[in-house]
Amino acid sequence: PDGTGAQLTLTNHPNGGPLFSGPQLQPWTCQKGARDRKCDEPPTFKYKYVSTNPTKSGLQPYDVKSPPSDVATTTTDQGKKVPFIVRIETGYMDRDQFQIASLYQPGKPWTPFAPQPGWDHKLLIFHGASCAVQYEPSTAPDVTGSSNPTSGVGQLALGEGYMTMSTALDNSGHDCNVSVQAESLVMAKQYIVTHFGLIRYTIGTGCSGGSLAVQWVANAYPGVYQGILPTCSFPDSMTSATQVADYALLERYWITLQDTSESRGVV
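Small disclaimer: the values here were computed from a predicted structure and weren't measured.

Here is what the cut-offs are and how they apply
Residues numbered from 1 in each chain as written. Predicted model: local features only at pLDDT ≥ 70, side-chain atom pairs only at ≥ 80, totals over all residues. Heavy atoms only, no water. Disulfide = S-S within 2.5 Å. Buried < 20%, exposed > 50% of the residue type's maximum accessible area, 1.4 Å probe, protein only. Helix = DSSP H or I, 4+ residues; strand = E, 2+ residues; numbered from the N terminus. Phe/Tyr/Trp six-rings, centres within 6.5 Å; stacked < 30°, edge-to-face > 60°. Patch = residues over 30% accessible without salt bridge, like charges linked within 9 Å, V, L, I, M, F, W, Y side chains within 5 Å. Areas by Shrake-Rupley, 256 points an atom, 1.4 Å probe, with all protein chains shown as cover. Salt bridge = Lys/Arg side-chain N within 4 Å of Asp/Glu carboxyl O. 1 Å grid on protein atoms, 1.4 Å probe; cavity = no way out; pocket = protein on both sides within 12 Å on 5 of 7 lines; lining within 4 Å. Points joined across faces, edges and corners; volume = space filled by probe spheres on them. Nonpolar A, V, L, I, M, F, W, Y, C, P; charged D, E, K, R; others polar.

Taken as a whole and judged by the stated rule, the model has three disulfides. With a sulfur-sulfur separation of 2.1 Å, cysteine 30 is cross-linked through a disulfide to cysteine 39. Taking the sign of the S-S torsion, -80° for the link of cysteine 30 and cysteine 39, the bridge is left-handed. Residue classification places cysteine 39 among the buried residues on the basis of a relative accessible area of 0%. Cysteine 207 shares a disulfide with cysteine 232; S-S distance 1.6 Å. Note that cysteine 207 is positioned in strand E9 (residues 201-207) and cysteine 232 in the loop between strand E10 (227-231) and helix H4 (237-263), a separation of 25 residues in sequence. Cysteines bonded in the protein are numbered consecutively along the chain; their disulfide partners then correspond to 1-2, 3-4, 5-6.

Let's shift gears to the packing of aromatic side chains. Across all of its chains, the model carries nine aromatic pairs by this definition. Where phenylalanine 98 meets tyrosine 191, the ring centres are 5.1 Å apart and the plane angle is 55°; that geometry is what we call tilted. In this pair, phenylalanine 98 is assigned in strand E6 (residues 96-103) and tyrosine 191 in helix H2 (residues 178-195), connecting sequence segments 93 residues apart. Its relative accessible area of 3% is what places phenylalanine 98 among the buried residues. Judged by relative accessible area, tyrosine 191 falls into the buried class, the value being 15%. An aromatic cluster is built from Tyr47, Tyr49, Tyr62, Tyr104, Trp110, Trp119 and Phe196, whose rings are joined through pairwise contacts.

Together, Leu250, Tyr253, Trp254 and Leu257 give the surface a local cluster of nonpolar side chains, amounting to about 440 Å² of exposed area. Along the chain, tryptophan 254 turns up in helix H4. Note on tryptophan 254: relative accessible area 52%, which makes it exposed.

Turning our eyes to something else, we now look at the layout of surface pockets. Considered as a void within the structure, the largest pocket measures approximately 270 Å³ in volume. If you go around the largest pocket, you meet 13 residues; those closest to its centre are Asn12, His13, Pro14, Met187 and Gln190. Ranked by residues supplied to the lining of the largest pocket, first place goes to H2 with six residues. Classifying every residue of the lining of the largest pocket by side-chain character gives six nonpolar, seven polar and no charged.

So, to be careful, I would describe these as geometric facts and stop short of saying anything about function.
As structure tokens, then:
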């Protein structure tokens, strides 16, 4: 009312990161085709579709220049009936790969303020298993869900209108670091909002190391997810690693004991 105002400084962080995870892991070798030391590379796109032919299961390759005649339709959870065509975008941010998939009608416009009707503004994120570290970009987990233990969940979610996403840094077998994992998620979600539109809510899912990632991030960075679907869960990586080490020691003990007993003629 008195004419005064507030100021807020916005920082435009680079696409290659970091955002809040701190100094980035070194050494780091970028992928072939990277344009700079942050591993930036223009995104690529491919299309797949569900066929009306019952002998063609799963998602089939879709040629935009020569569209197939057997494209099935799907009805989203918002009641929108659209062709079951999926666009998969592959790009790089935070020095590593990401993938985004959604129902998409080639040749029709999509803006953040007017997205295509096939998207219900919901997001499902896939995570990879294990727990390790690598020093170069890797492949983001499959966003169609075909490599997920709950087979077909990706195709089912896409057919319902969900957008699916993954980042290589959220594959725990490639990057088992909760701060970097959360940063990668936040950057990828911001990319979706900027290019596709607002997100109603986000669900994360993964098995084994993927379950670790969704539970870690949900606990340490509340708000990144609004729901999680962990499968084949582990309490944490170090507890499991200790158990595996114990198993190896016990196995060696019992084998040594057996060999000693047999050498003495004891059965």
